[in-house]
Amino acid sequence: MTAIYGLYDNPETAQRAVDGLRAAGVADADIQVMSSEPFEEYEFSHKDSATWIHWMAGLGGVVGLGSAYLLTTLTQQSWPIKTSGMPIVAPWPNLIVMFEMTMLGAILATVLTLFVSARLPKRLPVLYDPEVSNGYILVGVQGPDRNLTAALENAGEGRVKTIG
Amino acid sequence: MAHRWGMVVDLDSCTGCEACVTACHAENNIPTVGPTEAARGRAMHWLRVERYWEGDFPDVKVKFKPVMCQHCDNAPCEAVCPTYASHQTDEGLNAQVYNRCIGTRYCANACSYNVRFFNFFNPQWEKPLQLQLNPDVSVREVGVMEKCTFCVQRIKAGKTAAKAEDRELKDGDIQPACAQSCPTGSIIFGDLNDHESRAARFTHSPRGTKLLEDEGTAPKVTYLQRQSWNEPDTQ
Amino acid sequence: MNRTRNNPLADDLVRPLLHTSVWFYGGVLVLASIVACGAAAWAYQLWYGMGVAGVNWPVFWGFYETNFVFWIGISHAGTLISAILRLVNARWRRPVTRCAEVITAFALMIGAIFPIVHLGKPWLFFWVAPYPSSRELWPNFRSPLVWDFFAINTYLIGSLLFLILPMIPDFALIRDRTTGRRQRIYGALALGWQGTTTQWHRLEAAMQIMAVAIIPVAVSVHTIVSFDFSMAHVPMWHSTIFGPYFVAGAIFSGIAALIIAMAALRRMLKLHAYLHPLHFDNLAKLLLLMSLLWGYFVFSERLTVWYGNVPTEMAVFWSTQRGAFAPFYWTMVVCNFVIPVSILSFRRLRTIPGVVLVSCGVVVGMWLERFLIIVPGLSTKQLPYSWGHYAPRPAEVVIMVATFAAMALLYMLFSKFVPIISIWEMKVGNQPHPAVSADEDEERQGLWRARP
C-alpha cells in the first residue's frame, strides 16, 4: 500500500489541505480525513455520501413487527389452548410483543448498517497514523497517482508523511 | 354434548367435619409438610374448610365452608402462566399440567381464592407410608404448583369404564374423593350440561351463591346457603 | 479539542486503565467473596428447594421479586440521562453518559438474574423463550412474564449496544497509546476504527437513532414489569396507575443510583476536573423533580383507594399505613419524599455530600416501595381465612446483598478496562461552539438528510 498524508493540529488547516488536494485533481471519494473526534462544523466532514441508516432502521422495525405478528398469531393457532376466557389469538398481549420486537428490529438494523457502511471491522492494511489519537487530523490519499506533497505542505503548519 | 363438570356444596348440611379434606389428601397424594413447615404457611390443603368467627362470647357465630379450586370459566390463573401449565380443558376443568410448570407462582398470586399450592420441597413419605400412595395420581416434584383437579383421575376412570361397558355416563358414576367421603352428602359433583343431574339442578337453586362472584371469575362451584330454622328471616 | 501534543484529557481518563492500586485488588477481592457467598446461597436453594426462602402460602412472591423490580428500576438511569439529554443536546451530559449507561447495562443483567432465581424449577427458565421445542409448545404470549422476557431482552441488547458503540473510538485511542498484549486486545475491540469522516458520521447517526429508539423501550420495560402486578386481581395491585407509577419510580431510583456511582468514581479515580459540582447540582434538580412526581403518583393512588373504600383494598391500605407494614411505609415516605424535597429544594444544600446522602435514602426508600407493593397485597387478599405474613430468610438476604456487591464489582472491573468518561465526546464538548439556531445546527450536521 502506498499513501501520502499530512498531520495537522487544527481543523482549519485540515480544511485547506482538503481544498488543496481537490485543486490538485483528487476526487472527493479518494480524500481520507481522520480525526479523534468529529468536526461537524467543517465542510470536510460532509463530503461523503449520505447515510442510509435511517431507512434501514425503519426497515428493521418493519421486519421486527412482521416477525412478531407471525410468531404470536401462528404459534397461538398451532396449538389452541384456552386460558382465562381470552381469545386464542389475543390481540392486546400480542401488541406488546409486537412493539418490543419492532424496536429490537430497528436497533439491530441500525447497528448492522453502521458496521457495514462504516466498513467495520477493518482487517486489510489501511491508511492510519497513531498520531491521530493525540489530536492530529490526518488528511491523505491512498495510492496517489500524482505528486501531492506540495498540496499538503501548502495547507499550513503540519507534517507530511509517505508510506511505501 | 360435551361434559361440563361442576360442583355444588350445601352449606346447610355441611358439618365442617373435614372428612373431605382427609379424603382429598389420601386420594391425591398430597404431601404432609410437617409442623415446622406448616407453621411457615406451607401446608397444602387442596380442599380446606374455612372458618370465620363473628361476635363475642356468648353470641359467637361461626361460619364455615369447604373451599377448593372453583374451576373458573374466566380463571385469572390461566392467562398469567408463561408455559400453559394452567389452562382450561374442553370439559371446563382448570387443568394443571405438572410437567409444564416451572414454578413462577404467578398463578397462585392471581387466584383470588388462594386455592393453589406450591411444592416448596420434594415431598417425602416415611416408609412404609409410601405404600398408601394412589397409583392413579402422580406425585409432584419440588417447584411445581398443584391444586384441586375435581379428581380428574376418577373422571377419566369413569368415562373409560362407561365406554368399556358401551353405555352413557350416568349422574353419580363419577364421585371425587370429597363427595364420596362426605357423611352428610353435602358435596355434589356432576355434569352441568346434563340438565337432569343433581349438580345441574342444584346449581339453579334459589339458595345458590358463588364465592367472590363480583370478581368476574365465573366459578363452577355453587354454594347453597344455610337456612337457619330458628331465625327464618336471616340469610 | 486538543490542539497540542499534550492530551491531559486522554491522559487523565486512560490512567486508571494503566495504573492499578492495591485498593483495587483489595476491593475486588472483598466484593468477589460476597458474590461467592451469594452463589453459594443460590446453590443451597437449588439443592434443597424454594422452601429455604421465606415465601409461603399466600405470599408467594417476596424478596426475589422485590429485587427484580428494584434492579430493573435502577437500570432506567442510563436511558434518561444518556438518551434524553443527548436528544436535547444538553452539553453537561458529556462526562456523565457512560457512567449512566454502565449502570443500566449491569443493573439489567443483575435484575434479569432474579426471574431465574425465583423459579421453582430454574433449570427450565428457557421455556419462556420462543423456540421450536420438541414439545411443540410455544410460550403463552398472554402472560406478563413472557412480555418481561421480550422487553428485558430488547432493552438489554439495546442498552449494551448504546453503551458499546461510543466505546469504539475510545478503544482506538487506547490501542494507539499502549503496546503488547493490551494493544492487541484493544485493537481487536476497536474493530479497526480509523476515525474517518464516514465512520464518525455513521456512528453519530446510529447513536441518534438509538437514543430515539431506546427511550420508548425503557418506558415499555418498566411498564411491562408493572404489568406483572397490575394484571392480577390482587387488591391494590389491579390498578391502572401502575405503568406510569413504576416508570417514574424507576427513573427516580436510577438517578439516585447514578449520583452515588458518580460520587464514588469522582473520589476513587480522582475525576474532580471532569465531574463538577454543577453536574451533581443538575442531577439533584432532576432528582427533586422525580421525588415530587413520585409523591404525586403515590398520593393519586392512595387517595383513589381510600376514597373508594372497597373493603378488600382497604385491608391492604390500612396494613401499610397503620398495620404491620407501617414502619416500612413511613420510612419510605420520609426517604423518598420528605428528605429529598427538604434538602434538594435549597441550592445551598445541594452540595455533593448532601445530594449523595439524599440519593442513598432514595435507594433505600425505592427498595421499600417495591417491597410494599408486593408483600402487603399478597398478605391480605380477598378471602380473610387465607391472609398470611412473610418474613425473609437468610438465603434471600444473602443473595440480595451479593447482588449489590456484584454491581459494585462489575462497575469496578469496567472502570479498570474502559475509560469511564467518554473521551471523544469530551473532546467534542470542548470545541468552541458559535451560537447557532437549532435549524442551522441541524443543517450543518446534516444528520437528518438522506440522499438516495
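Because the structure is a prediction, the values reported are computed rather than measured.

The rules behind the values
- Residues numbered from 1 in each chain as written.
- Chains lettered and ligands numbered in written order.
- Predicted model: local features only at pLDDT ≥ 70, side-chain atom pairs only at ≥ 80, totals over all residues.
- Helix = DSSP H or I, 4+ residues; strand = E, 2+ residues; numbered from the N terminus.
- Rg over C-alpha atoms; globule rule 2.2 N^0.38 Å.
- Buried ≥ 20, exposed ≤ 12 C-beta atoms within 10 Å, placed from the backbone.
- Contact = placed C-beta atoms within 7 Å.
- Pairing = 2+ DSSP bridges.
- Axes fitted to C-alpha atoms, helices over the stretch in contact; angles between N-to-C directions.
- pLDDT = per-residue confidence, 0-100.
- Nonpolar A, V, L, I, M, F, W, Y, C, P; charged D, E, K, R; others polar.
- Core = buried A, V, L, I, M, F, W, Y, C linked by C-beta atoms within 7 Å.

A.B. asks: Account for the overall build of chain C, naming residues and giving values.
C.D. replies: Counting its secondary structure elements, chain C contains 17 helices and zero strands. For 452 residues, the compact-globule formula gives about 22 Å, and the C-alpha radius of gyration of chain C, at 23 Å, lands near that figure. Considered along the principal axes of its C-alpha atoms, chain C spans approximately 75 × 55 × 50 Å. Split into buried and exposed, the 452 residues of chain C put 50% on the buried side. Counting contacts in chain C only where the partners sit at least 6 residues apart, residues at least 24 apart contribute 81% of the total.

A.B. asks: Quick one: what's the story with the sheet that holds strand E3 (residues 137-142) of chain A, residue by residue and with numbers?
C.D. replies: Paired through backbone hydrogen bonds, the strands of a sheet run either parallel or antiparallel to each other. Residues and elements named next belong to chain A. If you walk across this open sheet you meet the four strands as E2-E3-E1-E4, and the pairing is antiparallel. Each edge of the sheet is formed by a strand with only one pairing partner; in this case those strands are strand E2 (31-34) and strand E4 (158-163). On average, adjacent strands in this sheet sit at an angle of 20 degrees to one another, irrespective of strand direction. Of the strand pairs in this sheet, E2 and E3 are connected by four bridges, and their pairing is antiparallel. Residue pairing in the sheet places isoleucine 31 in a bridge with valine 141 of E3. Sheet strands in contact with helix H1 (residues 11-23) are strand E1 (3-8), E2, E3 and E4, and its direction is about 15 degrees off that of E3.

A.B. asks: Before we move on, could you go through the confidence of the model for chain A and cite the residues and values that matter?
C.D. replies: Note: predicted coordinates in regions of low pLDDT should not be interpreted at a detailed level. Averaged over every residue, the pLDDT of chain A is 90; the share at 70 or more is 99%. Helix H4 (residues 149-153) of chain A is the least confidently modelled element of chain A, averaging 86 in pLDDT, while helix H2 (residues 53-78) of chain A averages 96, the highest of any element.

A.B. asks: Describe the sheet that holds strand E1 (residues 5-10) of chain B, with residues and values.
C.D. replies: Residues and elements named next belong to chain B. Read from one edge of the open sheet, four strands run E8-E1-E10-E9, paired in mixed fashion. At either end of the open sheet lies a strand with only one pairing partner, and these are strand E8 (187-191) and strand E9 (208-209). Pairing of E9 with strand E10 (residues 221-224), which is carried by two bridges, proceeds in the antiparallel orientation. Paired with threonine 209 across the strands is tyrosine 223, a residue of E10.

A.B. asks: Explain the interface of chain C and chain A to me, using residue names and the numbers behind them.
C.D. replies: Between chain C and chain A, the residue contacts involve 55 residues of the former and 57 residues of the latter. Elements that contribute at least two residues to the side of chain C that touches chain A include exactly helix H6 (144-164), helix H7 (167-177), helix H9 (197-230), helix H16 (423-430) and helix H17 (438-445) of chain C. Looking at the side of chain C that touches chain A element by element, the count peaks at 17 residues for H9(C). Split by residue class, the side of chain C that touches chain A holds 27 nonpolar, 16 polar and 12 charged.

A.B. asks: Which residues make up the nonpolar core, and what are the values?
C.D. replies: Looking at soluble globular proteins, one finds that nonpolar side chains tend to be buried together. Counting 210 residues, the largest nonpolar core has Cys99(C), Ile103(C), Ile255(C) and Leu258(C) as its most contacted members. Ignoring any residue separated from it by four or fewer positions in sequence, one finds Cys99(C) in contact with Leu258(C), Ala261(C), Met262(C), Leu265(C) and Ile420(C). Of all hydrophobic cores here, the second largest spans 23 residues; its members include Val33(A), Phe44(A), Leu152(A) and Ala155(A).

A.B. asks: Now, about the pairing of E8(B): what can you tell me, with residues and values included?
C.D. replies: Each regular strand displays side chains that alternate between the two surfaces of the sheet. Residues and elements named next belong to chain B. For E8, the buried fraction is high: five of the five residues fall into the buried class. Where E1 and E8 come together, five bridges link them in antiparallel fashion. Paired with methionine 7 across the two strands is phenylalanine 189, which belongs to E8.

A.B. asks: Outline the pairing of E1(B), supporting the account with residue identities and numerical values.
C.D. replies: Most of E1(B) is tucked away: six of the six residues are buried. Across the two faces of E1(B) the burial is the same, with Trp5(B), Met7(B) and Val9(B) and Gly6(B), Val8(B) and Asp10(B) all buried.

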